[in-house]
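Here's the letter readout for the chains.
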Amino acid sequence: MTTTGAPPPRMIWARVAVDPLAEPLSRWLAIRPSVTPNRVTALAACLSLGAAACFASGQVRWGGALFLFRYFFDCVDGMVARHQGSGSQAGAAFDLTSDVVGIHLVAAALGWHLVETGKMSPAVAVGLLAAIGVYNWSLSQRKMLATAAGRGDGGVDHQWHTDLPILRQWVAYAARIRMAAFPWVLEVEIVLLGLGPLLAPGLLPWIVPAGTAAYVGFGIVNVARTQRLAQGLDCHG
């Protein structure tokens, strides 16, 4: 497993659950004069607010469903921009702001609901927000330094190698379709804020601490990569 400047593969959830519908929909939307990437991003932001409102009011299943739709349209906006050739730095900044603020609001609302109903300790809710914040900060720093170093986004290229026959076949298949072979941060986010609340709300007191621990781990990995990139730039500066 290495890091390269090549575009990363699609994550499993995006590739399997989103792309088959998002790709044709984005092509259809892209030829509509009234549709712009920023308007699709605004729709995703509104869905984030809706999911947060549902969680805060105890409508947990609806919150999970709206969060899944939020991610769907978060993918569609980039696809529309690609089909229209209308991508811009301002649009990318708007998309990033919508993502970071929306995810924090949704996580805060879910945590508040679980604390208010006595299903989770306040420390876990605060820990979740802190872990997501550190992860997003370290991700932004890593990408900035990786761009300066000419190393793509500085992330893992997901090119895994194994001698186990079954896993080897799966890894080879994933590589052929440009998909990550194993779950990563996106899948944690989807289970934590989407599928978990929608399909298994009773398990959230267990899902949320597990998701928090995963975010802590990914944050540590990002901080370590950020430090290595910074040291590399210092050595070549």
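Procedures and definitions
In every chain, residue numbers begin from 1 and rise along the written sequence. The predicted nature of this model means local features are confined to residues of pLDDT at least 70 and side-chain atom pairs, given and counted, to a pLDDT of 80 or more, with totals for whole chains, interfaces and linings taken over all residues. Think of the side-chain values as coming from all heavy atoms in the structure, minus any hydrogens and water. Helical segments are the DSSP runs of H or I of at least four residues, strand segments are the runs of E of at least two, and each set is numbered from the N terminus. Contacts are assigned to residue pairs with any non-hydrogen atoms lying within 4.5 Å of each other. Here the nonpolar core consists of buried residues drawn from Ala, Val, Leu, Ile, Met, Phe, Trp, Tyr and Cys, with membership extended through side-chain atoms lying within 4.5 Å. For every residue, the accessible area (1.4 Å probe, protein chains only) is compared with the maximum for its type, and the residue is labelled buried under 20%, exposed over 50%, or partly exposed between those bounds. Each salt bridge in this description consists of a side-chain nitrogen of Lys or Arg and a carboxyl oxygen of Asp or Glu lying within 4 Å of one another. By definition here, a helix of n residues has an expected span of 1.5 Å times n minus one. Throughout, the bend at a residue refers to the angle made by two axes, fitted to the seven residues ending there and to the seven starting there. Only the stretch in contact is used when fitting a helix axis, every axis being a line fitted to C-alpha atoms; angles between N-to-C directions are given from 0 to 180 degrees. Throughout this description, any angle smaller than 35 degrees is read as roughly parallel, any larger than 145 degrees as roughly antiparallel, any in the 65 to 115 degree range as roughly perpendicular, and the remainder as oblique. When residue character is reported, Ala, Val, Leu, Ile, Met, Phe, Trp, Tyr, Cys and Pro are called nonpolar, Asp, Glu, Lys and Arg charged, and the others, Gly included, polar. As a per-residue quantity, pLDDT reports the predictor's confidence and falls between 0 and 100. In this scheme the crossing of two helices becomes right-handed for a clockwise turn of the near helix relative to the far one and left-handed for an anticlockwise turn of less than a right angle. Each Phe, Tyr or Trp ring, with Trp reduced to its six-membered ring, pairs with another whose centre is within 6.5 Å; inter-plane angles below 30 degrees give stacked pairs, above 60 give edge-to-face pairs, and intermediate values give tilted ones.

This paragraph deals with the environment of Pro 8. Secondary-structure assignment places Pro 8 in the segment before α1 (12–30). C-alpha of Pro 8 to C-alpha of Arg 178: the two residues are 170 residues apart in sequence and 8.2 Å apart in space. Residues contacting Pro 8, with those up to four places away along its chain left out, are Asp 153 and Arg 178.

The biggest cluster of nonpolar side chains holds 47 residues, and the ones touching the most others in it are Val 76, Leu 193 and Tyr 215. Elements with a contribution of two residues or more to this core: α1, α2 (37–56), α3 (60–84), α4 (89–116), α5 (122–149), α7 (185–199) and α8 (204–236). The greatest single-element share of this core, amounting to ten residues, is contributed by α3. Formed by five residues, the second largest nonpolar core is a distinct cluster that contains Ile 12, Ala 174, Met 179 and Ala 181.

With that settled, consider the pattern of salt bridges. Within the structure shown, the criterion is met by five salt bridges. Bridged by salt links that share partners, the residues Glu 23, Arg 27 and Arg 82 form one connected network.

Over its 15 residues, α7 extends 20 Å from the first C-alpha to the last, a length consistent with the 21 Å expected when each residue adds 1.5 Å. Along α7, the largest kink reaches about 45° and is centred on Val 191. Of all 15 residues in α7, eleven are buried; the element is thus mostly enclosed. Among all positions of α7, only Val 185, Leu 186, Glu 187, Val 188, Glu 189, Ile 190, Leu 192, Leu 193, Gly 194, Gly 196 and Pro 197 are buried. Next to the buried residues of α7 lie α1, α2, α3, α4, α5 and α8.

This next bit is on the packing of α4 against α5. Between α4 and α5, the least distance of the axes is 9 Å, while the angle of their chain directions is 170°. The angle between the axes of α4 and α5 places the two elements in the roughly antiparallel class. Contacts between α4 and α5 involve Val 100, Ile 103, His 104, Ala 107, Ala 108, Gly 111 and Val 115 from the former and Pro 122, Ala 125, Leu 128, Leu 129, Ile 132, Gly 133 and Asn 136 from the latter. Looking at the contact of α4 with α5 residue by residue, the class counts come to ten nonpolar, four polar and no charged.

With respect to the helices and strands, His 113 occurs in helix α4. Since its relative accessible area comes to 11%, His 113 is described here as buried. Among all residues touching His 113, those that are not within four sequence positions of it are Phe 55, Gly 58 and Val 60.

Compared with an ideal rise of 1.5 Å per residue, which puts twelve residues at 16 Å, helix α6 (residues 165–176) spans 17 Å between its outermost C-alpha atoms and is within 8% of the ideal. Downstream of α6 by one or two residues, Arg 178 has phi in the positive range, about 55°.

A few words now on the confidence of the model for the protein chain. Confidence in the prediction for the protein chain averages 91 pLDDT; 93% of positions are at 70 or higher. Per-residue pLDDT, averaged within each element of the protein chain, yields its smallest value for α6 (86) and its largest for α2 (98). Within the model, the stretch residues 1–5 combines pLDDT values under 50 with 19 contacts to residues more than four positions away or in other chains.

In this section: unusual backbone geometry. We note that Arg 178 has phi near 55°; this positive angle belongs to a residue other than glycine. Considering the arrangement of structural elements, one finds Arg 178 in the loop between α6 and α7.

Here we take up the packing of α7 against α8. Running from N to C, α7 and α8 cross one another at 165°; their axes reach a closest spacing of 10 Å. By the angle between their directions, the pair α7 and α8 is classed as roughly antiparallel. Where α7 crosses over α8, the handedness of that crossing is left-handed. Mapping the contact onto sequence places Val 185, Val 188, Glu 189, Val 191, Leu 192, Gly 196 and Pro 197 in α7 and Leu 204, Ile 207, Val 208, Gly 211, Ala 214, Tyr 215 and Phe 218 in α8. Of the residues belonging to the contact of α7 with α8, the class tally is eleven nonpolar, two polar and one charged.

What the rule picks out here adds up to four aromatic pairs. Seen in terms of ring centroids, Tyr 135 and Tyr 215 are 5.7 Å apart; in terms of plane orientation they differ by 70°. Their pairing is edge-to-face. Taken together, the residues Tyr 135 in helix α5 and Tyr 215 in helix α8 connect sequence positions 80 residues apart. Classification of Tyr 135 by relative accessible area gives buried; the value is 11%. A residue is classified by how much of its surface remains accessible, and Tyr 215, at 2% relative accessible area, is buried.

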